[in-house]
Amino acid sequence: MDFVVTIIPLLIGWLLDLLFGDPIQLPHPIVWYGKAISKLEHRFNCGSHRKIKGGFVAVGLIVTVFIAASFILKFITPIKWLEIIVQSVAVFYCLAGTTLIREVRMTFKAVDKSLDDGRRQVGRIVGRDTSNLSAQEIRTAALETLAENLSDGVIAPLFWYTLLGVPGMLAYKMVNTLDSMIGYRNARYREFGCVAAHIDDIANYIPARLTALLMIIASGHISLLGFVRKYGRQHASPNSGYPESALAGILNCRFGGPHDYFGERVDKPYIGDTYRDFTTVDATTAIRINRSAEVLAVILTIGIRYSVLLLTHIPAWL
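Presented here is an overview of the structure given in this document. Every chain's residues receive numbers from 1 upward, in the order its sequence appears when written. Per-residue local features of the predicted model are confined to residues with pLDDT of at least 70, and side-chain atom pairs are confined, for both listing and counting, to 80 or more; whole-chain, interface and lining totals are unaffected and use all residues. Derived side-chain values reflect all non-hydrogen atoms in the structure, with water molecules and hydrogen atoms excluded from consideration.

Turning to unusual backbone geometry, a few remarks are in order. Phi angles above zero are rare outside glycine, and His49 is one such case at about 55°. A run of H or I in DSSP becomes a helix once it reaches four residues, and a run of E becomes a strand once it reaches two; helices and strands are each numbered from the N terminus. Looking at where His49 falls in the secondary structure, it is placed in the loop between helix H2 (29–44) and helix H3 (50–76). The class for His49 is exposed, based on a relative accessible area of 57%. Here the phi dihedral of Asn252 falls at roughly 55°; this positive angle occurs in a residue that is not glycine. The residue Asn252 is located in the loop between helix H11 (241–251) and strand S1 (255–261) in this model. Relative accessibility under 20% of the residue-type maximum defines a buried residue, over 50% an exposed one, and the middle range a partly exposed one, all with a 1.4 Å probe and only protein chains included.

Here it is, written out as structure tokens:
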């Protein structure tokens, strides 16, 4: 039964994400996360000691999610079928691979129709100003986001599921949501979101590098490890550069450059040396790599969780 409760929810949740993506028509915990963060940000992001207040808000929300999830699962543990359903739904909500892939496909199709369509579509998945992007910049933004989302939306949740189960997975999603909402280095969030941004950096440190490794394994070009070591650390983020550099090496292209965020110009270091125009073939290749890396991550997660179960159930006489 331990195997069923530990492994089956992961497989069910993952398959649901593969089939349906984000359940837009259903209540989503990430929406609740966002409302809680927004309300607390408006309440406390003012006056003095903003960094301290922001730190309490970030840590408080993360701990609250972990404790609440742990309590709920412990409460329903005697009802195994309900525990499996609840955990499966939680995994489904925490994984975000399929929706982003759909958005990237739609972006490439939209920009082939017109620049305005492409700008509107890519604006759904990036935080930068898209009003003046060229067709090449639109495709570049989509591919960069696809690589980064593989880490944030798939590999990192699976990593924390491996370590801490569903409560860890849900807590990580709060970490990620906090960073996406208040983890910016602009005038409004620089102090209040500082702690949230650092927590996100820590939570994604191993997953980002694992993502790059899995992408390279999926590509079959292990020699690209040197490329990732060279360019992964050049990104402004301590983590985002690794999956982006892995994809840049696989596609033999260049990411990075200047972007506009909330009216501020940000010059990101270039990742890769080869400047070239992107096509739908590049999107197809990137999506295939993402899916392959995702499958490898699920297999790895199952293998580790099952190994832990075996080790914790070794008969005393062995």
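This is not the end of the story, as more comes after the structure.
Glancing now at the packing of helix H6 (residues 115–122) against helix H7 (residues 135–182). Packing of H6 against H7 brings their axes to within 10 Å, and their N-to-C directions diverge by 25°. In terms of axis orientation, H6 runs roughly parallel to H7. Regarding H6 and H7, the two cross each other, and that crossing is left-handed. The segment H6 lies against H7, with Leu115, Gly118, Arg119 and Val122 engaging Ala135, Ile138, Ala141 and Ala142. Every angle, taken between N-to-C directions, lies between 0 and 180 degrees, and every axis is a line fitted to C-alpha atoms, over only the stretch in contact when it is a helix. Our angle categories are set so that under 35 degrees counts as roughly parallel, over 145 as roughly antiparallel, 65 to 115 as roughly perpendicular, and the remainder as oblique. Two helices crossing with the near one rotated counterclockwise from the far one by less than a right angle form a left-handed crossing, whereas a clockwise rotation gives a right-handed crossing. Only heavy atoms enter the contact rule, under which two residues are in contact if any of them lie within 4.5 Å.

So, on to helix H9 (residues 205–219). The length a helix should cover is 1.5 Å for every residue beyond the first. In this model, H9 (15 residues) spans 22 Å end to end at C-alpha, consistent with the 21 Å of a helix rising 1.5 Å per residue. Among all positions of H9, only Pro207, Ala208, Thr211, Ala212, Leu214, Met215, Ile216 and Ser219 are buried. Phi for Gly220, located one or two positions after H9, is positive at around 80°.

Moving on to a nonpolar patch on the surface. The patches described consist of residues with a relative accessible area above 30% and no salt bridge, like charges being joined within 9 Å and nonpolar side chains (Val, Leu, Ile, Met, Phe, Trp, Tyr) within 5 Å. Surface accessibility in these figures is a Shrake-Rupley result with a 1.4 Å probe; residues are shielded only by whichever protein chains are displayed. Salt bridge criterion: a side-chain nitrogen from Lys or Arg within 4 Å of a carboxyl oxygen from Asp or Glu. A cluster of nonpolar side chains, namely Val59, Val63, Phe66, Ile67, Leu163 and Leu164, defines an oily patch on the protein surface of about 500 Å² accessible area. Here the nonpolar patch gets four residues from one element, more than from any other, and that element is H3. Mapped onto the elements, Leu163 comes out in helix H7.

The end-to-end C-alpha distance of H7, which contains 48 residues, comes to just 29 Å, noticeably less than the 70 Å that a straight helix rising 1.5 Å per residue would cover. The largest bend along H7 reaches roughly 140° and is located at Leu164, with the proline Pro167 sitting one to four residues downstream. Most of H7 is tucked away, with 39 of its 48 residues classed as buried. Bend at a given residue is defined as the angle between two axes, one fitted to the seven residues that end at that position and one fitted to the seven that begin there.

Another aspect to go through is the pattern of salt bridges. For the coordinates displayed, the defined rule picks out eight salt bridges. A salt bridge links Asp116 to Arg119; the shortest N-O distance between them is 3.7 Å. Of the two residues, Asp116 and Arg119 both sit in helix H6, three residues apart, roughly one turn of that helix. Its relative accessible area of 19% is what places Arg119 among the buried residues. Across the pair Arg276 and Asp282 runs a salt bridge whose closest N-O atoms are separated by 2.6 Å.

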